[in-house]
Amino acid sequence: ETGVTQSPTHLIKTRGQQVTLRCSSQSGHNTVSWYQQALGQGPQFIFQYYREEENGRGNFPPRFSGLQFPNYSSELNVNALELDDSALYLCASSGNPTSDLGTDTQYFGPGTRLTVL
Amino acid sequence: SQQGEEDPQALSIQEGENATMNCSYKTSINNLQWYRQNSGRGLVHLILIRSNEREKHSGRLRVTLDTSKKSSSLLITASRAADTASYFCATTKAAGNKLTFGGGTRVLVKP
């Protein structure tokens, strides 16, 4: 158990709809990163939030957006869903990303399985 | 795009045997981490090795890092059925920043 929780566990949407996924970070962590994992592949970095600001973004279109709240929980929003958005969405929490030691480990939640029909 | 490549893609061994998997990456790194994933669920952090380290141990796990060859290996000794999972290496260019994952090695440990 990492202390990172995600909701919902599973979600089914249709093409063109919008979805919001939620993540609660581990106690004491102020950084949340989101990853997309397609079936049979490794996770791909979407973006990271540190103290409510975006702190790095991967190669994902603007219809993928996020928020981080003062309690460091986070949301991932995806607009205009496409079939290829079907994947496991993982969030990971970690400590201060500007610190060199002891904060590199990212602790992952169980993921949200999104199916787009 | 994926930074790392794991080899082999799949591995099947008997309980009690050792399992070795390799990871290669393309650019300079700050550290390399290994994660385990069971049945498409969340990733469990196994071990982190920094770019100035060559070998680390944690229980039945041994990780090596060769920055000149841009490669790492993960050895699981005396494997158990519970070690059946997918194993991913992930690199980061700067501490605390994004992880770049490889495609993973699927390990099956037969009882």
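Our subject is the structure that appears above.
A brief report on the enclosed structure follows.

What counts as what
Residues numbered from 1 in each chain as written. Chains lettered and ligands numbered in written order. Predicted model: local features only at pLDDT ≥ 70, side-chain atom pairs only at ≥ 80, totals over all residues. Heavy atoms only, no water. Pairing = 2+ DSSP bridges. Helix = DSSP H or I, 4+ residues; strand = E, 2+ residues; numbered from the N terminus. Axes fitted to C-alpha atoms, helices over the stretch in contact; angles between N-to-C directions. Buried < 20%, exposed > 50% of the residue type's maximum accessible area, 1.4 Å probe, protein only. Polar contact = N/O pair within 3.5 Å; in protein donor to acceptor, adjacent residues only side chain to side chain. Contact = heavy atoms within 4.5 Å. Phe/Tyr/Trp six-rings, centres within 6.5 Å; stacked < 30°, edge-to-face > 60°. 1 Å grid on protein atoms, 1.4 Å probe; cavity = no way out; pocket = protein on both sides within 12 Å on 5 of 7 lines; lining within 4 Å. Points joined across faces, edges and corners; volume = space filled by probe spheres on them. Salt bridge = Lys/Arg side-chain N within 4 Å of Asp/Glu carboxyl O. Core = buried A, V, L, I, M, F, W, Y, C linked by side-chain atoms within 4.5 Å. Disulfide = S-S within 2.5 Å.

1. A few points about the sheet that holds strand β7 (residues 64-68) of chain A
Residues and elements named next belong to chain A.
Phase 1 of the analysis: The strand order β1-β3-β8-β7 describes an open sheet built from 4 strands, whose pairing is antiparallel. Every other strand in the sheet has two partners, leaving β1 (5-7) and β7 as the edge strands with one partner each. Direction aside, the axes of adjacent strands within the sheet are offset by 20° on average.

2. A look at the side chain of Thr 105 of chain B
Residues and elements named next belong to chain B.
Phase 1 of the analysis: Following the sequence through the fold, Thr 105 ends up in strand β11 (residues 105-110).
Phase 2 of the analysis: By relative accessible area, Thr 105 is classed as buried at 0%.
Phase 3 of the analysis: Among the polar contacts listed, one links the side chain of Thr 105 to the backbone oxygen of Pro 8, at a separation of 2.6 Å.
Phase 4 of the analysis: Contacts of Thr 105, omitting those with residues within four sequence positions, involve Glu 6, Asp 7, Pro 8, Gln 9, Ala 10, Leu 11, Met 21, Ala 85, Ser 86 and Tyr 87.

3. Side note on the packing of aromatic side chains
Phase 1 of the analysis: For the structure shown, the criterion picks out 9 aromatic pairs over all chains.
Phase 2 of the analysis: Relative to Phe 101 of chain B, the ring of Phe 108 of chain A has its centre 6.2 Å away and its plane inclined at 75°; by these criteria the two rings are edge-to-face. Placement of Phe 108 of chain A in strand β10 (residues 107-108) and of Phe 101 of chain B in strand β10 (residues 100-101) is noted, with the two residues assigned to different chains. Phe 101 of chain B carries the same exposure label as Phe 108 of chain A, and that label is buried.

4. Looking at the layout of surface pockets
In this approach the atoms are scanned with a rolling probe the size of a water molecule, which exposes any empty space left behind.
Phase 1 of the analysis: What the second largest pocket holds in volume is close to 300 Å³.
Phase 2 of the analysis: Around the second largest pocket, the lining comprises 22 residues; the ones closest to its centre are Gly 40 of chain A together with Gln 37, Gly 40, Ser 86 and Arg 106 of chain B.
Phase 3 of the analysis: Looking at the lining of the second largest pocket, the elements that each hand over two or more residues are β2 (10-14), β9 (85-92) and β11 of chain B.

5. Topic: the environment of Pro 70 of chain A
Residues and elements named next belong to chain A.
Phase 1 of the analysis: Tracing the backbone shows Pro 70 in the loop between β7 and β8 (74-78).
Phase 2 of the analysis: With a relative accessible area of 61%, Pro 70 lands in the exposed category.
Phase 3 of the analysis: Linking Pro 70 and Gly 40, residues 30 residues apart in sequence, is a C-alpha distance of 35 Å.

6. Things to note about the pattern of salt bridges
Phase 1 of the analysis: A full pass over the atoms with the stated rule returns 6 salt bridges over all chains.
Phase 2 of the analysis: Taking the shortest distance from any N to any O, the salt bridge between Glu 75 of chain A and Arg 22 of chain A comes out at 3.5 Å. Within this pair, whereas Glu 75 of chain A is found in strand β8, its partner Arg 22 of chain A is found in strand β3 (residues 19-24), the two being separated by 53 residues in sequence.
Phase 3 of the analysis: Its relative accessible area of 15% is what places Glu 75 of chain A among the buried residues.
Phase 4 of the analysis: The exposure class of Arg 22 of chain A is partly exposed, given its relative accessible area of 43%.
Phase 5 of the analysis: Of the charged contacts in the structure, one is a salt bridge between Arg 62 of chain B and Glu 55 of chain B, with a shortest N-O distance of 3.1 Å.

7. Side note on the sheet that holds strand β1 (residues 5-7) of chain B
Residue and element names in this part refer to chain B.
Phase 1 of the analysis: Ordered by their spatial adjacency, 5 strands build an open sheet running β1-β3-β8-β7-β6, and the pairing between neighbours is antiparallel. Bordering the open sheet on either side are β1 and β6 (55-58), each of which pairs with just one other strand. Strand-to-strand twist of the sheet, defined as the mean angle between neighbouring strand axes without regard to direction, takes the value 15°.
Phase 2 of the analysis: Of the strand pairs in this sheet, strand β7 (residues 61-66) and strand β8 (residues 71-76) are connected by 6 bridges, and their pairing is antiparallel. Residue pairing across strands places Asp 66 opposite Ser 71, the latter belonging to β8.

8. Let's talk about the nonpolar core
Phase 1 of the analysis: Met 21, Leu 32, Trp 34, Leu 46, Leu 74, Ile 76 and Tyr 87 of chain B are the most contacted members of the largest nonpolar core, which has 22 residues in total.
Phase 2 of the analysis: For this core, the elements supplying multiple residues, two or more each, are β2, β3 (19-24), β4 (31-37), β5 (43-50), β7, β8, β9 and β11 of chain B.
Phase 3 of the analysis: Core analysis: the second largest hydrophobic core is formed by 20 residues, Leu 21, Val 32, Tyr 49 and Leu 76 of chain A among them.

9. Some remarks on the state of the cysteines
Phase 1 of the analysis: The full count for this structure, using the stated rule, is 2 disulfides over all chains.
Phase 2 of the analysis: Across the disulfide from Cys 23 of chain A sits Cys 91 of chain A; the S-S distance is 1.9 Å. An S-S torsion of about 70° defines the bridge between Cys 23 of chain A and Cys 91 of chain A as right-handed. Here the residue Cys 23 of chain A occupies a position in strand β3, and Cys 91 of chain A occupies one in strand β9 (residues 87-94), the gap between them amounting to 68 residues.
Phase 3 of the analysis: Since its relative accessible area comes to 2%, Cys 23 of chain A is described here as buried.
Phase 4 of the analysis: Across the disulfide from Cys 23 of chain B sits Cys 89 of chain B; the S-S distance is 2.0 Å. Taking the sign of the S-S torsion, about 65° here, the bridge from Cys 23 of chain B to Cys 89 of chain B comes out right-handed. With Cys 23 of chain B in strand β3 and Cys 89 of chain B in strand β9, the pair connects residues that are 66 residues apart, well separated along the chain.

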